[in-house]
Every structure is written in C-alpha cells, then in structure tokens.
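If you want the building blocks of each chain, they are given just below.
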Amino acid sequence: MSHPSSQPSQGRTPLRTVQVLGGGSAGSSVHVRSLAAGLVARGVRVTVCAPAALDERYGFTEAGVHFVPVPRRTDPVSVAALRAACAEADLVHAHGLHAAVRSSLARATHDGRRSPLVVTWHTRAHADGARAHVLRLIERRAAKAAAVVLGTSSDLVDRARSRGARDARLAPIAFPAPRRPLAPGHDDPDRLKHKARAELGAVDRPLLLAVGSLERHRGYDTLLDAAYSWLRLDPVPLLVVAGEGPERAALQRRIDAEGLPVRLVGRRDDVPDLLTAADVALLPSRWESRSVLAHEALHAGVPLVATDVGGVPELVGDAAELVPYADARALARAVERLLADPGRRAWLRAEGLAQAASWPTEDETVAQILSVYDELTSP
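Residues numbered from 1 in each chain as written. Predicted model: local features only at pLDDT ≥ 70, side-chain atom pairs only at ≥ 80, totals over all residues. Heavy atoms only, no water.

Peer 1: Explain the overall build of the protein chain to me, using residue names and the numbers behind them.
Peer 2: A tally of regular secondary structure across the protein chain gives 15 helices and 15 strands. What you see for the protein chain is a C-alpha radius of gyration of 22 Å, in line with the 21 Å of a compact globule of 379 residues. With the C-alpha coordinates aligned to their principal axes, the bounding extent of the protein chain is approximately 70 × 55 × 35 Å. Within the protein chain, buried positions represent 50% of all 379 residues. The contacts of the protein chain with a sequence gap of at least 6 include a subset with a gap of at least 24, amounting to 66%. Carbon together with sulfur atoms contributes 50% to the accessible area of the protein chain, which is approximately 17,100 Å² in total. Charge separation in the protein chain, taken as the distance between the mean sites of 48 positive and 44 negative side-chain charges, equals 6 Å. (Helix = DSSP H or I, 4+ residues; strand = E, 2+ residues; numbered from the N terminus. Rg over C-alpha atoms; globule rule 2.2 N^0.38 Å. Buried < 20%, exposed > 50% of the residue type's maximum accessible area, 1.4 Å probe, protein only. Contact = heavy atoms within 4.5 Å. Areas by Shrake-Rupley, 256 points an atom, 1.4 Å probe, with all protein chains shown as cover. Lys, Arg positive; Asp, Glu negative; His and termini not counted. Charge placed at Lys NZ, Arg CZ, Asp CG, Glu CD.)

Peer 1: Now, about the pattern of salt bridges: what can you tell me, with residues and values included?
Peer 2: Scanning all chains against the criterion turns up 18 salt bridges. Notably, a salt bridge pairs Arg161 with Asp158, separated by 4.0 Å at the nearest N-O pair. Residue Arg161 and its partner Asp158 are located together in helix 6 (residues 154-162), separated by three residues, close to a single helical turn. For Asp158, a relative accessible area of 47% puts it in the partly exposed group. Between Arg169 and Glu375 there is a salt bridge whose closest N-O contact spans 2.7 Å. On the criterion of sequence distance, the pair formed by Arg169 in strand 9 (residues 168-170) and Glu375 in helix 15 (residues 362-377) is long-range, its members being 206 residues apart. Given the relative accessible area of 22%, Arg169 is considered partly exposed. Relative accessible area serves as the criterion here: at 48%, Glu375 is assigned to the partly exposed category. (Salt bridge = Lys/Arg side-chain N within 4 Å of Asp/Glu carboxyl O.)

Peer 1: Describe helix 11 (residues 292-300), with residues and values.
Peer 2: Within the span of helix 11, buried status applies to Leu293, Ala294, His295, Glu296, Ala297 and Leu298. Turning to helix 11, the residues buried within the fold contact strand 10 (207-211), helix 10 (271-277), strand 13 (280-283), strand 14 (304-307), helix 12 (312-316) and helix 14 (342-358). Two or three places before Leu293, at the opening of helix 11, Ser291 has a side-chain oxygen 3.2 Å from that residue's backbone nitrogen. (Polar contact = N/O pair within 3.5 Å; in protein donor to acceptor, adjacent residues only side chain to side chain.)

Peer 1: Give me the sheet that holds strand 14: which residues, what numbers.
Peer 2: Strand-to-strand pairing in sheets goes through backbone hydrogen bonds, with the strands running parallel or antiparallel. With respect to topology, six strands assemble into an open sheet ordered 12-11-10-13-14-15, the strand pairing being parallel. Only two strands of the sheet have a single partner each, and these edge strands are strand 12 (262-266) and strand 15 (321-323). Put simply, the sheet's adjacent strands are angled 25° from each other on average, direction ignored. Across three bridges, strand 13 lies against strand 14 in parallel orientation. Each residue of the ladder has a partner; that of Leu282, found in strand 14, is Val305. (Pairing = 2+ DSSP bridges. Axes fitted to C-alpha atoms, helices over the stretch in contact; angles between N-to-C directions.)

Peer 1: So what about the packing of helix 4 (residues 97-106) against helix 5 (residues 130-145)? Which residues, and what values?
Peer 2: Running from N to C, helix 4 and helix 5 point in directions that differ by 55°, and their axes come no closer than 9 Å. Taken together, helix 4 and helix 5 sit at an angle that is classed as oblique. Viewed along their axes, helix 4 and helix 5 form a crossing whose handedness is left-handed. Across the interface between the two elements, Leu97, His98, Ala100, Val101, Ser104 and Leu105 from helix 4 touch Leu135, Ile138, Glu139, Arg141, Ala142 and Ala145 from helix 5. Split by residue class, the contact of helix 4 with helix 5 holds eight nonpolar, two polar and two charged. (Parallel < 35°, antiparallel > 145°, perpendicular 65-115°, else oblique. Left-handed = near helix turned anticlockwise from the far one by under 90°. Nonpolar A, V, L, I, M, F, W, Y, C, P; charged D, E, K, R; others polar.)

Peer 1: Requested: an account of the packing of aromatic side chains, with residues and values cited.
Peer 2: If you walk through the whole model with that rule in mind, you get two aromatic pairs. Seen from their ring centres, Tyr58 and Phe60 are 6.3 Å apart, and the 40° between their planes marks the pair as tilted. Looking at Phe60, the relative accessible area reads 0%, which means it is buried. Seen in terms of ring centroids, Phe60 and Phe67 are 6.0 Å apart; in terms of plane orientation they differ by 5°. Their pairing is stacked. Pairwise contacts between aromatic rings join Tyr58, Phe60 and Phe67 into one cluster. (Phe/Tyr/Trp six-rings, centres within 6.5 Å; stacked < 30°, edge-to-face > 60°.)

Peer 1: Can you explain the side chain of Asp55? Please cite residues and give values.
Peer 2: For Asp55, the position within the fold is in helix 2 (residues 52-58). Look at Asp55: it is buried, it has no salt bridge, and the nearest opposite charge is Arg33 at 7.2 Å. Ignoring any residue separated from it by four or fewer positions in sequence, one finds Asp55 in contact with Phe60, Thr61 and Phe67.

Peer 1: Quick rundown of the pairing of strand 8 (residues 148-151)? Include the residues and the values.
Peer 2: Across the two faces of strand 8 the burial is the same, with Val148 and Leu150 and Val149 and Gly151 all buried. Looking at chain direction, strand 7 (residues 117-121) and strand 8 are connected through four bridges and run parallel. Paired with Thr120 across the bridge in strand 8 is Leu150. Chirality of the crossover, the property in question, places the unit of strand 7, helix 5 and strand 8 among those that are right-handed. Since strand 8 and strand 9 lie parallel, the crossover through helix 6 that links them has a hand, and here it is right-handed. (Right-handed = clockwise from strand over helix to strand, strands pointing away.)

Bear in mind that shape data such as this cannot, by itself, settle questions of function.
Following this line, the structure appears as structure tokens:
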C-alpha cells in the first residue's frame, strides 16, 4: 500500500510532529496510540506529550515515539516543558480543549511563523452556570488557535464552527478492534464466557454491562432507576458497571439502600471478556461522540442500548436500540424487550458486525490525518 507524501524520500527531512494529550480519556488515548504508531510506520518523527501515567497504560514508547511526561496543568513549569518538546516540531497536534490551549502557548516559531496547530475535538465538556461561560471561552480560544479543527462527529464539527474555527472537518477516528489475549489451552469461547459470568454472579440470569467513568454526565442515575424496575423480572438481570470516578460512593449507597441488582466492579482491563459474557451492553450517557464501549460492543456482536445523543446515531446506524437521554422507563423497556426477544438480539448482533465493518480502518484514519499534515506543512 502506498502512503501519503510525508514519508521521507529523496533526502527530504522527515516530518516532525508533537501529539499533545491533556487528561487522556480512554478514547483519545487509544486513538493517539494508534495514530502515533501509524505515523512512525510512515517515517514521521513523533513526540507524545502527556501525563506520565498514560505511557505505562497505553504504551506510547512501545509504538516507537519519543515520550515526554507533561502534567495536565497550565502552570509555567508545564508550559515550559511543553514548549521545549515543541521547539523543533513542524506541526503540533493537540487532542482535547485543554491540550489545545496549552499547545497554542507552547508552539515554536520558525522563520517568524508559528508551527501549525491541528486540534482534534474528541468529546464535549459539560459545565453549568458560571463554569459554562468559562467553557465557551476555552472552546473559542481552542477553535481560533487551530489551523484545522478535526471533529470526531458531525455535531462536534458544527460546535467548532460555532466557536469560530477557521477550518473544521469531520474526521471519524478508528480504534483497534478489541483483542482478547488467550492463555494456552483456554481458547474455548463458551468456557471463557461461563467463567466470566460465574465470577460476576450471573450464571443463571441475564448479564447487562455498562463501562465508563463514574461521573454525573454518564447517566448512571438513570441506569439505576431502570435497574429498580428490573427487580420485578424473573430472573432478575444483573447490571455490572466497570469504571471508577467521583460518583462511586453515591452510586454504591443507592445500590445498597434500594437493594438494586447492580455491581460496581471498578476499572477493568478485561472489558472484551466482560462484553463477550454480556447479553446486552448499555450506554446511558448525556453525550458521546465515538464511544469506545459502542465500538467494542458492535465489534463483539453484543446488542447495544444507547442514548440517542451526540455522535452515537452516526456511529451505530440501525445496529443499536436508541432511547432518549434520562428516560429511565424507555431504557428499562428497551432492555426488557431485548431480553425477551432472542431473534431481535441475533439481528442486532449481525447488524452490529456489519456496521463495525463499515467504519474507517486505523490505516485510513492515519492517511486522512497525514493528508492534513501535508497540506499544512508543504512549501
């Protein structure tokens, strides 16, 4: 396969890029890992600037990049560290709003001009009251600082344009297809599924799975409302929530007080195994772009019930049951209908696999972004 022209040839100096991550959500971190590996394979020199813990979690160094630990702060020390990393860059690519603002301060000047800044908006921040005004200012600053804003869903592209972006484009990102490492002699899918269900306590009952940080905008209060209505079912399904976050204590208190059939299992590294064991995956968020859970559920052929928000309809097409945000009754009924209808679950499995096959590949994603780099750095 031929690659875009940033691959060095005829003595041309390799393109030097810096990828900047802020807090490093799962989606943006996985994407940057995939993008960095693809760029390195095409002869691009890549530096990744991110909080130190992300290198261990996502393996940036293993992808052949130069990793520079930079805390997610805007204090002078952090900006100075970022500025040093960007000193020789031909182009800086920031992932997220805070990373964009910091990168705009840190870009080097070459021959009287700043190196171009590309910003990818992976998600939408949530704020109320006075914080919402501050968020709009940050979004406006990030949008106007960028030569190009890449939105991972159409509504993010529209939002960037409304905040003053000079050039905003749709750039759906690809995540690697989930891989499940199998121990020797333990590659029987049915056996693995039974083992996971037994561990979670769902051998003789339906297993429902939600994955994501335990934050208010994830919609877990609505999910617990739905779980209360499932107490009348026979057998009662078990809802497993994988993730950590500030809402954990409040959610656990409610689970205990109401006797809800819900287990909070914390952050897990075996989400693909949990998905394989699940009957239905749940995504109750207030807003999502290209959800990692939706991506993995459809790849795994697991029926998905998700909120009809943000980039979710664009991502899943007809391959999921969509319900309004914060509508516990609609969410509960959608799950109950699926559990009672094996034919519908089988149809969603097939549609999910077909939809996943239509998404851009990692190679196509890298090629699209590299074409933007070429456009901005060509003489």
